[in-house]
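Listed here are the chains, written in short residue letters.
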Amino acid sequence: MSLYTKCNPAVLPRAALLLLLIATLWSCAGKNETWIPEASLRIGVAGFVQPMASADLLAGYLPENIEKIDQKVFPLLNEDFAHLLAKTSKREFVGYADSWRCANKTPRAASMAAFGYWMQIGQCMGVDLLIVPQIQHWQERVGSDFGAETPAAVTMDIFLLDIRNKSLAARSRYDELQRPLMENLLELDKFIERGGKWVTAKQLAQEGMFKAIKEFGL
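The residue numbers shown here count from 1 along each chain, following its written sequence. Residue-level local features of this predicted model are given only where pLDDT is at least 70; pairs of side-chain atoms are given and counted only at 80 or more, and the full residue set underlies all totals for whole chains, interfaces and linings. As a rule here, side-chain values come from all non-hydrogen atoms in the structure, and water together with hydrogens is ignored.

Starting at the N terminus, helices and strands are each numbered in turn, a helix being any DSSP run of H or I of at least four residues and a strand any DSSP run of E of at least two. When you go through the protein chain residue by residue, the secondary structure sums to seven helices and seven strands. Counting from the amino terminus, helix and strand elements in the protein chain follow one another as α-α-β-α-β-α-α-β-β-β-β-β-α-α. Any residue under 20% of the maximum accessible area for its type is buried, any over 50% is exposed, and the rest in between are partly exposed; the area is computed with a 1.4 Å probe on protein chains only. Scored against the burial criterion, the 218 residues of the protein chain give a buried share of 39%. Whether two residues touch is decided by their heavy atoms; if any such pair falls within 4.5 Å, the residues are in contact. When contacts within the protein chain are restricted to residue pairs at least 6 apart in sequence, those whose partners lie at least 24 apart make up 68%. Counting every atom, the protein chain has about 12800 Å² of accessible surface; 55% of that belongs to carbon and sulfur. Note on areas: these come from Shrake-Rupley sampling with a 1.4 Å probe, and a residue is covered only by the protein chains present in the view.

Each aromatic pair joins two rings of Phe, Tyr and Trp (for Trp, the six-membered one) with centres within 6.5 Å, and gets the label stacked for planes under 30 degrees apart, edge-to-face for over 60, and tilted for any other angle. One pass over the structure, following the stated rule, counts three aromatic pairs. A ring pair is formed by Phe-48 and Phe-81, whose centres lie 5.9 Å apart and whose planes are at 65°; its orientation type is edge-to-face. You can see Phe-48 sitting in the loop between β1 (43-45) and α3 (73-88) and its partner Phe-81 sitting in helix α3, a full 33 residues away along the chain. Residue classification places Phe-81 among the buried positions, given a relative accessible area of 4%. Ring geometry for Tyr-96 against Trp-100: centres 5.1 Å apart, planes inclined by 65°, an arrangement best described as edge-to-face. Taken together, the residues span about one helical turn, with Tyr-96 and Trp-100 both in helix α4 (residues 96-105) at a distance of four residues. A cation over a ring is seen here: Arg-108 above Tyr-117, with NZ or CZ 5.7 Å from the ring centre. Our definition puts a charge over a ring when NZ of Lys or CZ of Arg is within 6 Å of the ring centre and also within 35 degrees of the ring normal.

Turning to the packing of α3 against helix α7 (residues 201-215), a few remarks are in order. Angle between the axes and distance between the axes are the two parameters that describe a pair of packed helices. To get an axis, fit a line to the C-alpha atoms, keeping to the stretch in contact for a helix; angles then go from 0 to 180 degrees between the N-to-C directions. With their axes 10 Å apart at the nearest point, α3 and α7 run at an angle of 40° to one another. Here α3 lies oblique to α7, going by the angle between them. Here α3 runs over α7; the crossing is right-handed. Of α7, the residues touching α3 (which contributes Leu-76, Leu-77, Asp-80, Phe-81, Leu-84, Leu-85 and Thr-88) are Lys-202, Ala-205, Gln-206, Met-209, Phe-210 and Ile-213. Three classes are used: nonpolar for Ala, Val, Leu, Ile, Met, Phe, Trp, Tyr, Cys and Pro, charged for Asp, Glu, Lys and Arg, and polar for all others, with Gly counted as polar. Taken together, the residues of the contact of α3 with α7 break down into nine nonpolar, two polar and two charged. Roughly parallel means an angle under 35 degrees; roughly antiparallel, over 145; roughly perpendicular, 65 to 115; everything else is oblique. Whether a crossing is left-handed or right-handed is set by the direction in which the near helix is turned from the far one by less than a right angle, anticlockwise for left-handed and clockwise for right-handed.

This part takes up the confidence of the model for the protein chain. Of the residues in the protein chain, 79% have a pLDDT of 70 or more, and the chain-wide mean is 83. Put simply, helix α1 (residues 3-7) is where the protein chain has its lowest mean pLDDT, 41, and β1 is where it has its highest, 97. Note on residues 1-12: pLDDT under 50 across the span, and nine contacts to partners over four residues away in sequence or across chains. Ignoring residues within four places in sequence, the model shows residues 14-32, a span with pLDDT below 50, making 16 contacts including any to other chains. How sure the predictor is of each residue is captured by pLDDT, a score from 0 to 100.

Time to look at the environment of Asp-56. Along the chain, Asp-56 falls in the loop between β1 and α3. When the C-alpha atoms of Asp-56 and Ala-114 are compared, they prove to be 4.9 Å apart, with 58 residues separating the residues in sequence. Filtering out sequence-adjacent residues up to four positions away, Asp-56 remains in contact with Pro-51, Arg-108, Ala-114 and Gln-134. Nitrogen and oxygen atoms within 3.5 Å of one another constitute a polar contact, given that in protein one can donate a hydrogen and the other can accept it, and given that sequence-neighbouring residues count only through two side-chain atoms. At 3.0 Å, the side chain of Asp-56 and the backbone nitrogen of Met-52 are in polar contact.

Okay, the nonpolar core next. One finds Phe-81, Ile-135 and Trp-138 to be the most contacted residues of the largest nonpolar core, which totals 31 residues. The set of elements that each furnish at least two residues to this core consists of β1, α3, β3 (129-139), β6 (153-162), β7 (167-177) and α7. Setting aside anything within four residues of it in sequence, one finds Phe-81 in contact with Val-45, Phe-48, Ile-131, Pro-133, Ile-158, Met-209 and Ile-213. The nonpolar core is taken to be a set of buried Ala, Val, Leu, Ile, Met, Phe, Trp, Tyr and Cys residues, with the residues joined through side-chain atoms within 4.5 Å. If you look at the next biggest cluster of nonpolar residues, it comprises 18 residues, including Ala-46, Met-119, Leu-130 and Phe-159.

Structure follows, in structure tokens:
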């Protein structure tokens, strides 16, 4: 069977099984290539921040009608990210506490763009690469594991900056609003991984963190 035949549902028999259709479409979906940093490189991790103006962005754009995220969320995200990195990666990282120390030592000037600011932070931390997580949207689930009036939603970017070459090495985008399975059958894998439950915003954020770790080759 040719690639065109596999990826074009119109040529499949009408009696094709639903699961076969899902599997075929999933296999035809594009996948991000993994960027693998050298093992000898020193990697730092900044704390989660919410960009509130265009000057705060490293890439992309701000959502309309920005709602400020509860500051209590950020320490939880930082802890989750540190735990996930320690659990899934064999590398050692310069933690987000060091980025805060550098931020206090070298505050950002009003006219400084985000890229220049994070380059400065990375240099202060003495790292070769710096992971900068930015979260744009956070919607808590209203309901329970088995029924939600309002589903959880999270939008975030995690950037990998090359401090040595002053460049953006990689970007991992995560934009997720949990929907019922029947609204999008292509999300069968997510439905199974989540145990058929309605997850929290914190759980969605963890998915985004894991996605970035995988894409960055960490």
